Amino acid sequence: MKPAPFVRHVPRTLQQALAILSQVAGQDGRILAGGQSLVPIMAFRLAKPAHLIDINEVAGLDRLESDGKVLSIGARVRHAAFHAPVTDNRLAALLTYVARHIAHYPIRMRGTFCGSLAHADPASEWCLTAATLGATMVAMSQRGTREIAASDFFEGIMSTALADDELLAEVRLPLLTPDAKFGFYEFNRRAGDFAMAASLVTYSLVNGKMAQARVGVGGAEPSPRRIEEAEAALNGQSPDDDAFRAAAQAASDAVDPLEDHQTNAEYRRDLVRVVVRRALEHSLT
Amino acid sequence: MTAHTKGTGMKWVGRAIRRLEDPALVTGQGHFTADLPAEHWVRFVRSPNAAGTIDSIKAPDGAMLITAADLKAVKKITPMLHKFEYRPVGQSILADGIVRYVGEAVAAIVAPSEEEAEDIADLVELNIGATAPVVDARDALSAGAPQIHAEAPGNVILKGEVKTAGFDGVWTSAAKIVKVDARSHRQNATPMEARAAHAAYDKASGRVTLTCTTQMPHLMRTAIADLLGIAESDLRVIAPDVGGGFGQKMSLCAEYVLLVWLALRLKSSVAWTEDRRENLIASFHSRDQYIALEGAFDKDAKLLALRADVVSNVGAYSCFPTTSGVEPLMAMAEMPGPYDVQQYQCLARGVLTNTCTMAAYRGVSRPIITFTLERLMDKAAKAFHLDPVDIRRRNLIDKFPYTSATGLIYDEATYKQTLEMAVHEIDLPAFRLRQKEARAKGRYLGIGFATFSERTGYGSPAFAARGMAITPGWETVHVSVDPSGYVEARIGSSPHGQGLRTTLAQIIADELGIPPDLIKVVHGDTDTAPYGWGTFASRSLVISGGATLIAARKVRAKLIKIASHMLEAAESDIVLEDGAAKVAGTDRSVTVATMAREIYTQTHRFKGELEPGISESGTYDPPGTFSNACHIAIVELDPETGHVKVDRYLVAEDAGRIINPMIADGQVHGGIAQGLGNALLEEIVYDESGGILTANLADYMPPTAREMPHIELHHMETPSTQSITKAKGLGEGGTIGAPAALLNAINDALTPFGVEIDTIPATPQRIRAALRAAEQATKKSA
Ligand SMILES: Cc1cc2nc3c(=O)[nH]c(=O)nc-3n(C[C@H](O)[C@H](O)[C@H](O)COP(=O)(O)OP(=O)(O)OC[C@H]3O[C@@H](n4cnc5c(N)ncnc54)[C@H](O)[C@@H]3O)c2cc1C
């Protein structure tokens, strides 16, 4: 369990980082952020990048700020940054609640928000958050900067729209309205494990009825996504058990479940039904 | 060091003194095999195929590649059993022409560093002509299944059968027959430290020192010297600090043999550190069994007879020294457990498959047979409309000594008393009320009981009864007092976390009137420790402790003789306390240090009546003793996800005289953690082609601290008459009781749904599958 040989580069500026990335991208050069996914994969030799561009010294990438519309999260911002609310917007409460479900404390001290998105594990809580809330990814390379919508970003298991020479420099999450409701629930067998299914929901209440419902499901399909059928089952309804059950069933029916040795398709559908309903129930607490 | 022990001359046995071995370990000063520097490092190339023939192995130019072709002079590992239709099968140190499981070592790359060895091993081209594997033991028994070894037709490596004389008559007269089909999936003991070995050649003496993480250094020496055809005295085996073994390190691994061979060939030092993936796929596995168990009861729910069919998947090879009989034969011998049942029939088969070799794992079969038998008792309770406690009351052994249907002699124990104690402490009526209220609110609580016996500290006759070519059993201890008055005990046991340095020191301390922290317990080096069998099977405190007591008593006698000379007093008037010998009722005394100095350096003063020096030996080979316990688990089951949360866990146990209560509690805690893993989480999963889907600790899931409940312990002490220290072993009880208690609790919680689960681990997917089937059945009928 020793990684294959590699060269580690430690750029200090974004320009240097992008320059090195463009040079080594063709030789499976990779960004090293928190290392909490990449290093284990290298130890197993499932990845053998010849070059690592360690971005932990790059100035400016630790940006974490809100402009009143979006929260911008730079590539060096760790999961642990969200252990306490980062702004007084509801979004911060949501992120704090979600963050504590990610892995274990030492891993949250090192792993990064952007690294989770770039890595794109189907069960990542941050990927689910980005997909549900409609994040914007800011990808930079020597060729320029482009913005990618969450719905275009996730392309499958550990696969994204980022090009080999692109750095995910920042992720922008839209702030929530003050009256927004959110709920989150995930299921796993041991504390800190990747979710076998997870759901994040948000909606607002208009005259006691749910509106602008977002129902995200993670860990069940190759990429997290919003489930329109479930959202349709909520919008215009009172936030009650009937509506929640209908949405949960709709989500369970809509997913095309991933299977593994501990989760066959039927069981995954069971879990999706449970996590969506419990996330919705959580929104009322 | 012994912070909460004040004063000397008191009894040390029975006190929770802190472990003498811990200061070094917790400050990072321990010595582990992988700490040693080496000239050469080994990386094994392992088979990606479960079955096949090796067509070619090619390493990059300049690489040092070792294959079976280089090892023609090395014998195959061929463990032997002289009973039970055992078919000896051989294992080459590196696969010789045929591969039999994914992970089998096919070649070794030797390089100047671990990293380089892995880089080169990555480039080795291995061509294997894959053949059809068989992974499941029942499939391997079916007609036409691939044959793993020509020597074992039908893949049956051994077959044990018993049937008591009156069985048929009793069986047909029974009021009710209750049946359980239990399945235990495969597990890995997952010691914190995986395997590691370091072999160094000494140019001056021509000897090799093998430092390795093992539970039995002497047996490693015997086995490896045999295989390589060298004198045992030319091999020194050292077990330094060992990061857990749990049985996985009591078998000989081919890798260690290769390391010694390489050190001899290279006349240099060579090392190997196993990584976690290798440990999970290629170190020893365990607990892969099917047990079909039936119980015949009379009309009063008294168990009359048991009938068992044990199918134990032993993997691709037999393990040394226990052989692959270790699980099936243990299951056969101990199936009746703590219950009074005199009629018994059993068929126990060890079945070869294309999977990693099976070996002992803490509890050996008893976690499975206990879970099976305890499920049977709960099913019988249901069938008779009895409470689970009641049916146990009617059947537990309460007259001693008791001779079991398989001829085991149970010494005095407290099966019923620990049950009553546990039931009292848990407050069963209050729980039943809470359970009822919870169910009304859609919450499902369950309680599960496990009563069991734990056979411990058995000597060589027990192993001889299995027909083993190698019968471990006895232990020898040398206790000496050096000229400065310090005491040293050299032991053949090989503790690796059990705290034996402390508990043996406590035993000696009481005999000699010297505090334990002045007593050194030396182990794990074949050059300095007496030949012994190491540490496994809850044996060391009983057997090595007994040998220690025998040797310490001789030292005590010698000290009294010396004192009698020096103080000119009758031996009967001498007492040993506070590090000195005193003449009772006077102020005349002489310190142990002075006596020791005299007997070594002023020998003439003893006028030839006493031998010089103080060095005594004790050997102990006891018949074995049974400790016992009742475990109770309370769980909450989430019927929507299948998740099981352990709310409360209570143990009432009796392990005879407790030498150090803190250490005893620690053994129970650790065992329950592993038992909980076995019951709920841990499973090695093979796919149909024999590939392992659980080759890392994200997929193979030992419990973390967050999954562990608080454990409440209650003790009884029934001093053993079968052990001279009166102590019984308790190293395995935690693993033995936990799966049974947890599965019974889960099934109690499942009662309203009318489904049962008799498989470990009871994963959420399995629980949901059972519930889903029930939901669909009710939908259909509605
Ligand atoms: C035991 C364990 C449990 C875990 N449990 C969870 C869990 O429950 N939920 C969860 O979400 N995660 C979990 N993780 C993963 C953890 O959250 C990682 O930190 C995260 O997935 C990746 O972030 P990182 O900063 O460590 O990225 P790295 O490991 O450094 O990189 C991961 C990948 O992303 C690429 N990358 C990283 N940053 C960028 C960037 N800015 N631009 C472009 N590419 C980039 C890298 O090149 C690499 O391919 C767990 C990890 C461990 C070890």
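## As for the pattern of salt bridges
Throughout the structure, instances matching the rule amount to 74 salt bridges over all chains. Two residues, K163 of chain B and D168 of chain B, come together in a salt bridge whose shortest N-O distance is 3.0 Å. K163 of chain B gets classed as partly exposed once you look at its relative accessible area, which sits at 44%. For D168 of chain B, a relative accessible area of 46% translates into the label partly exposed. The partner of E775 of chain B in a salt bridge is R768 of chain B, and the shortest N-O contact between them spans 3.0 Å. Note on R768 of chain B: relative accessible area 3%, which makes it buried. Connected through salt bridges with shared partners, the residues R45 and K48 of chain A together with R43, R46, E118, D119, D122, R195, E255, E274, D275 and E278 of chain B form a single ionic network.

## Notes on the domain arrangement of chain B
All names here are of chain B. Assigned domains of chain B: these are domain 1 (190-282), domain 2 (387-458 + 625-781) and domain 3 (474-620). Each of domain 2 and domain 3 has a C-alpha centre, and the two are 41 Å apart. Contact between domain 2 and domain 3 buries roughly 1,300 Å² in total, counting both sides, with carbon and sulfur atoms accounting for 65%. Viewed at the interface, domain 3 and domain 2 are joined by zero salt bridges. At the boundary of domain 2 and domain 3, one finds seven residue pairs in polar contact (both at pLDDT 80 or more).

## Quick notes on a positive patch on the surface
A cluster of like positive charges, contributed by K11, R553, R657 and K726 of chain B, occupies part of the molecular surface. Secondary-structure assignment places K11 of chain B in the segment before α1 (22-26).

## Focus: the site of the ligand
Residue and element names in this part refer to chain A. In the vicinity of the ligand, 30 residues are found, and the nearest of them are I31, G35, L38, T112 and E125. Between the ligand and I31 there is a distance of 2.5 Å, counted from an oxygen atom to a backbone nitrogen or oxygen. Starting from 950 Å² of accessible surface for the ligand in isolation, the protein chains cover 89%. Only β2 (30-32), α5 (113-119) and β10 (167-174) provide two or more residues apiece to the shell around the ligand. If one sorts the elements of the shell around the ligand by residue count, α5 sits on top with four residues. Considered class by class, the residues forming the shell around the ligand number 13 nonpolar, 13 polar and four charged.

## Section: the state of the cysteines
All told, the structure shown has zero disulfides over all chains when counted by the stated rule. Left without a disulfide partner, C114 of chain A is nearest to the cysteine sulfur of C127 of chain A, which lies 11 Å away. Judged by its relative accessible area of 2%, C114 of chain A is buried. C319 of chain B provides the cysteine sulfur closest to C346 of chain B, a residue in no disulfide bond, and the two sulfurs are 19 Å apart.

## Here's the deal with the packing of helix α10 (residues 265-282) of chain A against helix α19 (residues 764-781) of chain B
For the pair α10 of chain A and α19 of chain B, the least separation of the axes is 10 Å and the interaxial angle reads 90°. It follows that α10 of chain A is roughly perpendicular to α19 of chain B by the angle criterion. Across the interface between the two elements, E266, Y267 and D270 of chain A from α10 of chain A touch P764, Q765, R768 and R772 of chain B from α19 of chain B. Classifying every residue of the contact of α10 of chain A with α19 of chain B gives two nonpolar, one polar and four charged.

Parameters and conventions
- Residues numbered from 1 in each chain as written.
- Chains lettered and ligands numbered in written order.
- Predicted model: local features only at pLDDT ≥ 70, side-chain atom pairs only at ≥ 80, totals over all residues.
- Heavy atoms only, no water.
- Salt bridge = Lys/Arg side-chain N within 4 Å of Asp/Glu carboxyl O.
- Buried < 20%, exposed > 50% of the residue type's maximum accessible area, 1.4 Å probe, protein only.
- Domains from an automatic or database assignment.
- Buried area = accessible area lost by both parts, 1.4 Å probe.
- Polar contact = N/O pair within 3.5 Å; in protein donor to acceptor, adjacent residues only side chain to side chain.
- Patch = residues over 30% accessible without salt bridge, like charges linked within 9 Å, V, L, I, M, F, W, Y side chains within 5 Å.
- Areas by Shrake-Rupley, 256 points an atom, 1.4 Å probe, with all protein chains shown as cover.
- Lys, Arg positive; Asp, Glu negative; His and termini not counted.
- Charge placed at Lys NZ, Arg CZ, Asp CG, Glu CD.
- Helix = DSSP H or I, 4+ residues; strand = E, 2+ residues; numbered from the N terminus.
- Near = heavy atom within 4 Å.
- Nonpolar A, V, L, I, M, F, W, Y, C, P; charged D, E, K, R; others polar.
- Disulfide = S-S within 2.5 Å.
- Axes fitted to C-alpha atoms, helices over the stretch in contact; angles between N-to-C directions.
- Parallel < 35°, antiparallel > 145°, perpendicular 65-115°, else oblique.
- Contact = heavy atoms within 4.5 Å.

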